[in-house]
Amino acid sequence: MNHLAHLFLSPDAPLIRIGSLMGDFARGIDVDGLPPQVRQGIRHHRAVDAFTDTHPQVLASKRLFSSQRRRFAGVALDMLYDHYLLRHWQQFSNLDTGIFIAGMYREFREHEHLMPDNMRRVTRRMAENDWFNAYADLDNLGYALNRVAGRIRFRHRFFDIIQEIEQHDRELEQRFLSFFPDLITFAGEN
């Protein structure tokens, strides 16, 4: 799962949500020194990722990608799932998308003091450039995926993976819609 989905799936407490997002930035930090709710959020993040990585619909979705790009299918799907969550928000939440996203950006500012430097830099860019709302547009998602591809330090074929996403959009979307309710149930129990 990517950032928006982790925040959406997290228990409804600001420090747990910050921890849930921190799961992507926790490498090299002293997790034991963090407040208990932040640690709970990191554990939640890891459980959600483990569940996602083994779900049959996610595994089937990865197989839709060409052999040259399959290595990066997990990264692409994580970001694509934020897009599908936005596309189908009203199916999963009664809260207005804009209100939720604005609240997340506010929580980032209020809890920066808990974040490692790299997370603080990223969350500031998220809010300043409104990443979450941008993911609603598939072209913007393609741009974001290419930015990720540009940070990979070895030779790869990840650039323009959005073309394969567009080719399989209907099936990927249906697989997401089958998978995500299972993930919501799992996340609510953990």
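Novice: Can you walk me through the overall build of the chain in this structure?
Specialist: The secondary structure content of the chain amounts to 12 helices and zero strands. Put simply, the chain runs from its N terminus to its C terminus through helices and strands in the order α-α-α-α-α-α-α-α-α-α-α-α. Over its C-alpha trace the chain gives a radius of gyration of 16 Å, about what one expects of a compact globule, namely 16 Å for 190 residues. Overall size of the chain, expressed as C-alpha extent along the three principal axes, is 45 × 35 × 30 Å.

Novice: Can you help me understand the packing of helix 5 (residues 73-87) against helix 12 (residues 169-189) in this one?
Specialist: The relative placement of two packed helices is expressed as an angle between their axes plus a distance between the axes. Where helix 5 contacts helix 12, the two axes come as close as 10 Å, and the packing angle between them is 80 degrees. If you check the angle between helix 5 and helix 12, you find them roughly perpendicular. The residues of helix 12 that touch helix 5, namely those facing L77, L80, Y81, Y84, L85 and R87, are D169, L172, E173, F176, F179 and F180.

Novice: Could you clarify how one ought to interpret the pattern of salt bridges in this entry?
Specialist: It is possible for side chains of opposite charge to pair when their charged atoms get near one another. Following the criterion strictly, the structure yields nine salt bridges and no others. Linking R124 and E112 is a salt bridge whose minimum nitrogen-to-oxygen distance equals 2.6 Å. Here E112 lies in the loop between helix 7 (97-110) and helix 8 (117-129) and R124 lies in helix 8, a separation of 12 residues in the sequence. Where R175 meets E171, a salt bridge forms, and the shortest distance between an N and an O atom there is 3.0 Å. Of this pair, R175 and E171 are both found in helix 12, four residues apart, which corresponds to roughly one turn of the helix. Given a relative accessible area of 23%, R175 falls into the partly exposed group. On the accessibility criterion, E171 (34% relative accessible area) is partly exposed.

Novice: Explain the layout of surface pockets to me, please; I cannot follow it from the model alone.
Specialist: By rolling a water-sized probe across the atoms, one finds the places where empty space is left. The calculated volume of the largest pocket comes to roughly 890 Å³. Taken together, 21 residues form the lining of the largest pocket, with H3, M79, W131, V148 and R151 sitting closest to its centre. When contributions to the lining of the largest pocket are tallied by element, the ones reaching two or more residues are helix 5, helix 8, helix 9 (131-134) and helix 10 (138-150). In terms of residue class, the lining of the largest pocket is made up of 11 nonpolar, four polar and six charged. By volume, the second largest pocket is sized at about 220 Å³. Lining of the second largest pocket is provided by 14 residues; of these, F8, D12, R17, L95 and F100 occupy positions nearest its centre. Sorting the residues of the lining of the second largest pocket by element identifies helix 1 (3-9) and helix 7 as the ones contributing at least two each. When residues in the lining of the second largest pocket are grouped by element, the largest group, six residues, is from helix 7. Across the lining of the second largest pocket, the residue classes tally to seven nonpolar, three polar and four charged.

What counts, and where the lines are drawn
- Residues numbered from 1 in each chain as written.
- Predicted model: local features only at pLDDT ≥ 70, side-chain atom pairs only at ≥ 80, totals over all residues.
- Heavy atoms only, no water.
- Helix = DSSP H or I, 4+ residues; strand = E, 2+ residues; numbered from the N terminus.
- Rg over C-alpha atoms; globule rule 2.2 N^0.38 Å.
- Axes fitted to C-alpha atoms, helices over the stretch in contact; angles between N-to-C directions.
- Parallel < 35°, antiparallel > 145°, perpendicular 65-115°, else oblique.
- Contact = heavy atoms within 4.5 Å.
- Salt bridge = Lys/Arg side-chain N within 4 Å of Asp/Glu carboxyl O.
- Buried < 20%, exposed > 50% of the residue type's maximum accessible area, 1.4 Å probe, protein only.
- 1 Å grid on protein atoms, 1.4 Å probe; cavity = no way out; pocket = protein on both sides within 12 Å on 5 of 7 lines; lining within 4 Å.
- Points joined across faces, edges and corners; volume = space filled by probe spheres on them.
- Nonpolar A, V, L, I, M, F, W, Y, C, P; charged D, E, K, R; others polar.

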